[in-house]
Amino acid sequence: MTSRRSAVAVPNVKKTVADYLQEFLQQLGNQFCADCLDKNPQWIAFPHGVIICDNCAGAHRSLGSHVSQVKSVVYDKWSMKMFHELEKCGGNTVINSTLQKYCQFYQQPNPSTSADERERFIKNKYELKMYIAPQATNDKEEAAKRLAHYFVIVCKNQMLLPEVPTKNGQEQQQQKKPLRFVMPESIFDTEFDDVSKNGQPQKKPLRFVMPESIFDTEFDACITDRYPKNDYPATPLPARVFDFIFPENIRIADKLHQPEKRAFVLTDAEGAKLYGVAVVFWERLSPMDILNMSETLNQFRKQCDRGEITTMPGAVYAPKAICLLSNWPFFDQFSTFLQTVYRITKTPSVPIPVERYVMNFMHEVPVPPLGKTSVQFVVGDVSITLKRAPPNTLPFLHVNGLNLFKCLSLSNVLALFNAVLQEQKTVLISCHLHLLVEAAETLIALFFPLCLQGVYMPLLPSKLLDFLHSPVPFLAGVHPSWIKGQNYDEVVFVYLDDDQILTTCHSAMEALPKRPREKLEKRLEEVLPWLSQHRSPQKGMSSKPSKHKHSMGIGGGQGGGGGDDGGGGIEEKHEDAHNGYGGGASHLITKEIDHSLQLLPISNFLTSGSTIQSTSQSDESSSSKKKNSSADTQNAESIFREIQFAFLKFFTSILENYANKYTDKQRKNDPELRHKEYVFFRENRQVQQYEFERERFLDEGIDSKFRPWVEKLVGTQIFAAFCQEREELLERQSDAIPFEIQYFDEELIAKKNRSTLRTKKIKTEFLDDRSLDVKSVFVANPPNLNDLDQSSYVYTTFPQQLKTSRFGAIRKIQPPWSTRRDKPALARTKSHRLRRHHGRTNTFAALQQLLAMQHAAHINKARSWDNFTTNVLVVQRFIRMVVARKQLSRTRAHISTLQRGVRVYHDTRRAHVQFMAQRRSAVVLQSAFRTYLMVQRNRDRVYYTSTTCLQAVFRAYVMQKRAHALYASTRVLQGVFKTYRQQQRSAHKLSAVRITQCHLKTVFARQSHMDTMTAIRRCQAVLRGTLLRTQHKKILQSQLSKSRKQMLELWHKTMTAYMYRAKFWIVYEEPTYLNLAIHNEEVDRLQNLQHRLTTNKVAMHEARSRFDAEKAELRRLLKEELSPNIRESLYTSWGINIKSKSKKDKLLNELFTAQTSPKQSATALLTICSSHSASILDVTSQVELRRADRIRDNLLLTVFSSLSSMQSLNRSLQRHSKRVRKQQVTIKTLNEELTHKQNVILKQAHKLNHVHEQTQSFRKLKLKDFSSGGHASTLQSQQHRSSHLKSASSLHQVASLINPKRRFSEIDIQPMNEHVRYVHMTNTPEIRSQPAPRTPEPDAELSPTPQIQL
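The structure presented is a predicted model; accordingly, all values stated were derived computationally and were not measured.

(A) Summary view of unusual backbone geometry. In this structure, the amide linkage connecting Phe46 to the following residue, Pro47, adopts the cis form with an omega of 5°. Inspection of the secondary structure puts Pro47 in the loop between strand 1 (43-46) and strand 2 (50-52). At the junction of Phe448 and Pro449, the peptide bond is cis and its omega measures out at 15° in the coordinates. Positive phi, close to 50°, is recorded for Asn40, a residue that is not glycine. Looking at the element boundaries, Asn40 is found in the loop between helix 1 (17-25) and strand 1.

Okay, here's the thing in C-alpha cells:
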C-alpha cells in the first residue's frame, strides 16, 4: 500500500488530536463510508485505515481482531502515534484504489443493504482481497463453461390497483398493493393532474376503467423460485427479468390457453449478451386464491363507492413461466428442454424429479466447442443435440431463419437490412412475441462480418416504451397494441405480420449498390422460390400518400416529401397495415407460423443412448412427426446457410479491397512504402497505433458507383468497430489472429482466386480445412439416479418451489476441449491509447481523483478545492497536447498526400509524351497498310463478279427443282393430315358419349345406394330409440328412488300428514319423467318447509299439533270404524300381537319408517282411512290436481314441437320435389344431345368413306401413268414421276409415324340406319350405339334412367 502525506498541516501545540481527526474526516473521500458510501462515518478500522459507518463497523467486528480492529472517533481515546499511522494510510480514496480496484458498481453495498450482504462484501474486500486483482477473469471462464446460468420460475404476484384519495384530499397508503398512479378526488372524474405548466397543473384524460370482475384487473409478476439461489459474480441475475417474460402485466382468464414459447435478449455494459428462453403455460387457480382476489377487488370498489361483486367465477386460469438464462443463443434447444420439463410434470408418475433434470442440464452438460464435436443429452423422451459452427465457416443460427423471409417480401427484407446497416432507429412489430426475437436474430446473423453496435432489445417490455424516444440507434421489438396512438420521430417501423415498412424519418436513406443488390436478389430467389411469386416493385409499402414515408433504400423506390410537422401517429399507420396495403404475402405469417405448443405427457423415459420403444399407434405417429420435424429443421438450416453465404458474398463484393497489401515491386520502386504493408491502414509511429484511412478507401478501394452507400456505411459505429478490430490486431503484432477476421480475409482471397484475371492463386488453408467440421458426438451423462428419496414422483401442477434435497450432488465434467466464449462487441475508447504516452502516470492519477469526486456525488461540498483545480489543469494540459499532436499528424498526412499527387502528375506527364510518339508512328503504319489493301481489292474484283454470276444461275436451277418436288409432297401430306384429324375428332366424340353413359350409371347407382343407406339409418334409429328408452328408464328408476329416499327423510323431519304421504306414494309410483319432476318439486317444497320450521318455532309447534291430531284421528278410525276382521289381519301382517294394549300406537309409529316398506305403509293407511271423513281425505284432490297441471304443460310443449317439425318437413318435401323436376329436365337434355351426336357421327362416316374412294382412285391413276410411259420420255418427265413416287413414300412414312401398328389401307365405313358399326382401324374394337330411350314425362314419378349403350 502506498504511503501518502495528507494535505493537513503539521500538528502544533495549539491543536488537539480530535481537531486533527475532524480535519482528516473532512478530506475528499473521507466524508463517506469506504464500504457503503454512507454519510458522516465515525468509525475507523485498523490496520487498513478506512473510515466506515456504524453498520459496517459491526460487520468489521464479525471478521475478528486478527483481520480488522474498529475504533470510534468520538468514544475511544486517540494518540498522536495512532493519528500518524492513520495519516500514512492515505484515506478512503487511496485505500479503495487498491482494495476496491476491480470491484464492479453492482457488487458494492449501499446504506440500505442487508447485514448478510454487507458482511459478505467486507469479508471479500479485506480478508479474501478479491477486488485487488482482476478476479472476474476466472469467473468469466467458469461462466463460459456453463451451458445456462439460471433456471427461474415466474408466477403472478399481486393485483395492480390505483390508490384512492380520502375526502380531504390526502392519499391513503396501501402497503400491500403495488401502485401505478394516484386517482383524483372523485373516482368518476375524467381528468387528472399530469404535468405542471407555469405553476399550474395540466389536465389530461384518465385512462382507467373500473373493473367489473377479476378478469378486468392486472397482476404484477414475481420470481417464486430460482436455481441456483445465489448470483454468480460475473453474471448476476437481472432484478426484473420477469418483465421480459411477461412484457405486459399479467391477466387471468376463464379458459385454458395453449402453452407458448418466448425469448428475449439482454446486453450488459461490456457488450456481452444474456439470452433468455421461456415457456409460458396456464394453470387453474384454487378456490381460495379466487376468493382472495374477489375480496381485494370488492374492498377497492367499496372505497370507490361502488357495489360489491357477488358472482364467483367457476374456473380461473393464470399464466406461469419457466425460464433459462444463458450466454449461449441455443434458443430452439433451450425451448425443447423447457417443454420437456413441463411435460414431465403432466405425466402421472415419473421416475426422476424435475430438480434432478435441471441440475443435470445446468452443471453436467458441457458447452460444445467450435466445430469438431457436438454434445448430445437426454431429458424425458427427447434427445437434444448442441453444436457450434466450425471457426472457418459462418456461425449457426439456432432459430428458424426462414420466418423472416416468410413474413416480409424480398424488397422489404433488403430495406430492413439497409436501415439497420445505416444505424436507423428500427422497431420490429408483431403480435407474436417470439417472432420478434427470431426476426432480430436472423437479421443479426446476416451482418457477418459486421456486428451491431447500437442498443439491441428484440423484445422491449411495455414499461420501457419511453426508450423509443432516445436519440441513439437501436433495434427493438414491440407488440402493435403498445405503440398505437404514439408519436415517434426518426424511427423505422417494420410490421412483420403485414409485410409493411413505415418510417417517420425526414431524409431518405441511400440505396444499396445496384450490381451487388441484383446478384443478392437473384441468389435469394433461387434459394427461396416463393419470393419470386409474390415480388412487386413497391411491395410492402403503403399505397396511401403519407407525409413521412420515404424510400427505404432498396433501389428503385421513390421517397415521399418530408413534411413540416413531427413524426406521425402510429395509430393511423397501424390501421393502414391491417387494411391490406402490403404485398401479396401479407398473411403468410398467420397461416404458416404458429408458436403455440401441444405438450402431452411422456409415455416412455429415455436414458443416454436408448430409443423410444412403443407399440401404440399414437407413439408411432408421434415418432413419425418427430422425424418429419427434424427433417424439416435440417432442410430449413441448409436453406438459411445458403442465404447467409449470399449476404456474405454481398459484403465481400463491397469490402473486397479493404485489406489490400503493397506488392514487392511497389515497395522496391517507392522508398516510402518499404516499411508499409497495408494500403489503407496507416501507422502512426509517434503513438504506435494504426488508423484506417477512410477517405482513401472511398477514393481507391471501391467502385465509384458504390461510393454514396459505402460513404454512409463508413460513417457508422458498425464499420468503426470493424476497423477497430483490425487496427488492434495490427498494433499487437501477434500471430494469433481471431477466427472471424481470418475467415473473412480468406473469403476475400477465395473470391479473388475465382477471378480469371489472376494467374497466381493464393492458398486458403484455414478456409479449406475440413478437419474442423462437426464429425463426432459427445454424449453427456444422464441424470444421477442415486440418493433419490422416492421411487416415483407425482405432480399435480408445476411446483412453485423446487426442493433443494432433490437436486443431488454435482458430478464434475471435464470435456476433452476448451470452451471459448464469443467476444462481445469492441468498445475501445481514446483512454486505451492515452496510456501509451510518457506522461500517463500523472494524468491518470488526476483522472482517478476526479472520478472519486464524481462517485462521491458531493463535489460542491468538497473542501479540497485546490486539489480539484490542480487535477483539472493537469487533465486539460494533457488533452491540449493530444489535440495538438492530432492536428500535427493530420497536417503531415495532408502534406504527404500533396507530395504523392505531385509525383503522380509528373509520372503521368512523362507517360503521356511517350504515348503520343508511339501514336504518331502507328498512324503512319496504318496508312501504308490501307494502301496495300486497296490495290489487292481492285485486282480481285473481276474474279469476284464472274464467280458470283455463275453461282446465282446454279442456285436458281437447284431451287426450281426443289420447289416442284416440295409442292407435290405437300399436297399429299395435307390430304393425309386432314384424314387423320377427322378420325381423331370422331374418337373424341365417342369417348364423350362413353363418359356420359358412365355418369348416368353412376347417378343411378348413387341413388340406389342412398336409398339403402336411408333404410339402414332408419333401422339404426329404431334400435337406438329402444336402447335409449331402456337406459332412460333405468336412470329414471335410480333418480326416482334417490328422490324418494330424500323425500322420506324430509317427510319425517317436517311431520307431513300420513294420508298425504300415502296418496303421493301410490299415485306417483310409476317411473316417468312427469313423476320425477313432481318428486323433485316435492323435495324442494319440503326443504323450504324444513327451513321455515327450523327458523320459526310457532310454525313448528303448529305442524306438530296437526301431526298429533292426525295420529289421534287415525287411532280413532282404527278403533271404532274399522271392522274387527280387517283390523286383526292388519295387525297380523305388521307382526303386532293382537292382545297387546298398545298395538294401535305400535302400528302408527311404524308407518313410513326405515324398517318398513313405504308402499306397505301407504296401503295400510288407505285401508284404515277407507271410510274416514272428508277432512282427512281432501289430500287426494290436491295430488291429482298437481298431476293434471303437469300433464297439461307437457301436452302444450308436445303440440308446439310437433307443429314446428311438420313445418320443417313440409319445406324439405318442397325442396325435394324441385330437385326431382330439375333432374328430369337434365335427363331429357342429355338424351337430346346424344341423339344429335349420333347424327354427327353418321355424317362424319360418310365423309371419311368419300375421302377413301378419292385416295384409291388417285393411286390407280398414278400407277397407270407409270406403266404407260416409254423409253422416249424426256428427262423432265422422269424427274416429275420420281418426285410423285417420293411423295407417295413420304405419305406412308408419315402414316407409320402416326401409328405404326395400324394399316390405313384397311379402312371400312358402313353407315346404318339405327345401329352404327364403325371400325376405326384393323385392330380397333367395335363400338355399338343404340337409339336413345324415350324421356319420361315431367309429371311422372321419378324412376331410374335407362342405360344408353354404344
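(B) Representation of the packing of helix 29 (residues 1073-1095) against helix 30 (residues 1097-1121) within the structure. Between helix 29 and helix 30, the shortest axis-to-axis distance is 5 Å and the interhelical angle comes to 115°. Judged by the inter-axis angle, helix 29 sits roughly perpendicular to helix 30. When helix 29 is examined against helix 30, the residues Arg1092, Leu1093 and Thr1095 are found in contact with a partner set consisting of Lys1097, Ala1099, Met1100 and Ala1103.

(C) How the structure looks around the packing of aromatic side chains. Scanning the entire structure with this criterion turns up 43 aromatic pairs. Ring centres of Phe417 and Phe651 lie 5.8 Å apart, and the angle between their planes is 65°; on these two criteria the pair is classed as edge-to-face. Of this pair, Phe417 sits in helix 12 (residues 410-421) while Phe651 sits in helix 18 (residues 617-654); the two residues are 234 residues apart in sequence, bridging distant segments of the chain. Looking at Phe417, the relative accessible area reads 1%, which means it is buried. Residue class for Phe651 comes out buried when judged on its relative accessible area of 1%. Arranged with centres 5.1 Å apart and planes meeting at 55°, the rings of Tyr1058 and Phe1107 form a pair that is tilted. Of this pair, Tyr1058 sits in helix 28 (residues 1058-1067) while Phe1107 sits in helix 30; the two residues are 49 residues apart in sequence, bridging distant segments of the chain. With respect to burial, Tyr1058 and Phe1107 carry one shared label: buried.

(D) Representation of a nonpolar patch on the surface. Taken together, the side chains of Leu1196, Val1199, Phe1200, Leu1203 and Met1206 present a nonpolar region at the surface, about 520 Å² in accessible area. In this structure, Leu1196 sits in helix 35 (residues 1179-1268). Given the relative accessible area of 45%, Leu1196 is considered partly exposed.

(E) Here's a closer look at the side chain of His48. Looking at the element boundaries, His48 is found in the loop between strand 1 and strand 2. Using a relative accessible area of 8% as the deciding quantity, one classes His48 as buried. A distance of 3.2 Å separates a polar side-chain atom of His48 from the backbone oxygen of Val67.

(F) Quick peek at the nonpolar core. Counting residues in hydrophobic clusters, the biggest one holds 183 residues, and the most contacted among them are Phe151, Phe405 and Ile643. In terms of residues, this core owes the most to one element, helix 18, which gives 10 residues. If sequence neighbours within four positions are ignored, Phe151 has contacts with Asp225, Arg226, Tyr227, Ile322, Cys323, Leu324, Leu338, Val358, Met362, Phe798 and Leu802. If you look at the next biggest cluster of nonpolar residues, it comprises 37 residues, including Met1047, Trp1065, Leu1074 and Ile1078.

(G) How the structure looks around the side chain of Arg726. Position of Arg726 among the secondary structure elements: in helix 22 (residues 717-732). For Arg726, a relative accessible area of 6% gives the class buried. A polar side-chain atom of Arg726 sits 3.1 Å from a polar atom in the side chain of Tyr658. Excluding anything up to four places from it in sequence, Arg726 contacts Tyr658, Phe681, Ile741 and Phe744.

(H) Seen up close, a positive patch on the surface. A cluster of basic residues, Arg971, Lys978, Arg981, Arg985, Lys989, Lys1243 and Lys1247, forms a positive patch at the surface. Those elements that provide at least two residues to the positive patch are helix 27 (941-1054) and helix 35. It is helix 27 that provides the largest number of residues to the positive patch, a total of five residues. Tracing the backbone shows Lys1243 in helix 35.

Conventions adopted
- Residues numbered from 1 in each chain as written.
- Predicted model: local features only at pLDDT ≥ 70, side-chain atom pairs only at ≥ 80, totals over all residues.
- Heavy atoms only, no water.
- Helix = DSSP H or I, 4+ residues; strand = E, 2+ residues; numbered from the N terminus.
- Axes fitted to C-alpha atoms, helices over the stretch in contact; angles between N-to-C directions.
- Parallel < 35°, antiparallel > 145°, perpendicular 65-115°, else oblique.
- Contact = heavy atoms within 4.5 Å.
- Phe/Tyr/Trp six-rings, centres within 6.5 Å; stacked < 30°, edge-to-face > 60°.
- Buried < 20%, exposed > 50% of the residue type's maximum accessible area, 1.4 Å probe, protein only.
- Patch = residues over 30% accessible without salt bridge, like charges linked within 9 Å, V, L, I, M, F, W, Y side chains within 5 Å.
- Areas by Shrake-Rupley, 256 points an atom, 1.4 Å probe, with all protein chains shown as cover.
- Salt bridge = Lys/Arg side-chain N within 4 Å of Asp/Glu carboxyl O.
- Polar contact = N/O pair within 3.5 Å; in protein donor to acceptor, adjacent residues only side chain to side chain.
- Core = buried A, V, L, I, M, F, W, Y, C linked by side-chain atoms within 4.5 Å.
- Lys, Arg positive; Asp, Glu negative; His and termini not counted.
- Charge placed at Lys NZ, Arg CZ, Asp CG, Glu CD.

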